[in-house]
Amino acid sequence: MPAHDRTPSLPRRWWWGFVPFIALSVIHVGARFAGAADIADPTKLTLMPLLAVAAVWAFRGAGPRTGRSLAVPAVLLLAALLFSWFGDGAATLFPFAPELPVMLASFGIAHICYIWLMTRHIADRPFPRWALVFPLWWIAMLVALWPALGSLAPAVAAYGIVLAGTAATAARCGKAVASGGLLFLASDTILSFRIFMPEAMPDWTSGMVMLTYCAGQGLLVAGIALHRTSPRTAEGKQAGLAARPARPLAS
């Protein structure tokens, strides 16, 4: 049976590690919608560390049970979260550097880690036809934002490629990962207009940026953890390989 047609079987406690991240996400997003910067700003820097804790909790002790090494997927996932944290705290963590270029570079590296992880360790199906929307999204965003980008146009264009690449690669994975990729794309789309066309974006869109960002990152991590730590996922892949007809030898 194909891997994506089987329901993952994990201990019920595997998701407990996500509780602190979910709680702080609710507080942070609520503060964003309320315009409470004194709460929103410090809580933002707790989000990715707490999500990293959730990832470690979900991955812990799974290698012997699944018979697969989790070292490389875990390192790539934690690297994606680390560079996402750098992007979240660009102004605070790197006060000596211009904020926006640091954000673009940090999140760009995070997306490359996600793409590498999903392509090599998670994806189990070809690109769906609807994934053609991502190149169209990239073109539309550049057309809409180009007059306001100035000298950052090349960097924004390059970042758009890796952002769309994450969403497109996530479409090759399970529903949770695919949904996470779409929400991450939505978050950065809203954020781009807030940065480069602020007059067109009402204040409440600040909350929408973080709502979609937290949900997207959380679903990416949860979906990846489910896929890599589920014994049934491994069994399904092995069964699928065994069911394939042998390729005839050349005479």
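The structure we're discussing is the one just above.
Residues numbered from 1 in each chain as written. Predicted model: local features only at pLDDT ≥ 70, side-chain atom pairs only at ≥ 80, totals over all residues. Heavy atoms only, no water.

## Observations concerning the packing of aromatic side chains
- Under the definition given, this model contains 8 aromatic pairs.
- Here the aromatic rings of Phe86 and Phe94 are separated by 5.6 Å at their centres, their planes lie at 85°, and the arrangement is edge-to-face.
- Relative to Phe184, the ring of Phe107 has its centre 6.3 Å away and its plane inclined at 90°; by these criteria the two rings are edge-to-face. With Phe107 in helix H6 (residues 99-122) and Phe184 in helix H9 (residues 175-196), the pair connects residues that are 77 residues apart, well separated along the chain. One exposure class covers both Phe107 and Phe184, and it is buried.
- One aromatic cluster in this structure is built from Phe83, Trp85, Phe86, Phe94 and Phe96.
- The side chain of Arg172 reaches across the aromatic face of Phe127, ending 5.3 Å from its centre. (Phe/Tyr/Trp six-rings, centres within 6.5 Å; stacked < 30°, edge-to-face > 60°. Helix = DSSP H or I, 4+ residues; strand = E, 2+ residues; numbered from the N terminus. Buried < 20%, exposed > 50% of the residue type's maximum accessible area, 1.4 Å probe, protein only. Lys NZ or Arg CZ within 6 Å of the ring centre and 35° of its normal.)

## Overview of the packing of helix H1 (residues 19-34) against helix H2 (residues 37-59)
- Between H1 and H2, the shortest axis-to-axis distance is 9 Å and the interhelical angle comes to 155°. Classified by the angle their axes make, H1 and H2 are roughly antiparallel. Of the two possible hands of crossing, H1 and H2 adopt the one that is left-handed. Contacts from Pro20, Phe21, Leu24, Ser25, Ile27, His28, Ala31 and Arg32 in H1 reach Ile39, Ala40, Asp41, Thr43, Lys44, Thr46, Leu47, Met48, Leu50 and Leu51 in H2.
- Each residue belonging to the contact of H1 with H2 can be placed in one class, and the counts come to 11 nonpolar, 4 polar and 3 charged. (Axes fitted to C-alpha atoms, helices over the stretch in contact; angles between N-to-C directions. Parallel < 35°, antiparallel > 145°, perpendicular 65-115°, else oblique. Left-handed = near helix turned anticlockwise from the far one by under 90°. Contact = heavy atoms within 4.5 Å. Nonpolar A, V, L, I, M, F, W, Y, C, P; charged D, E, K, R; others polar.)

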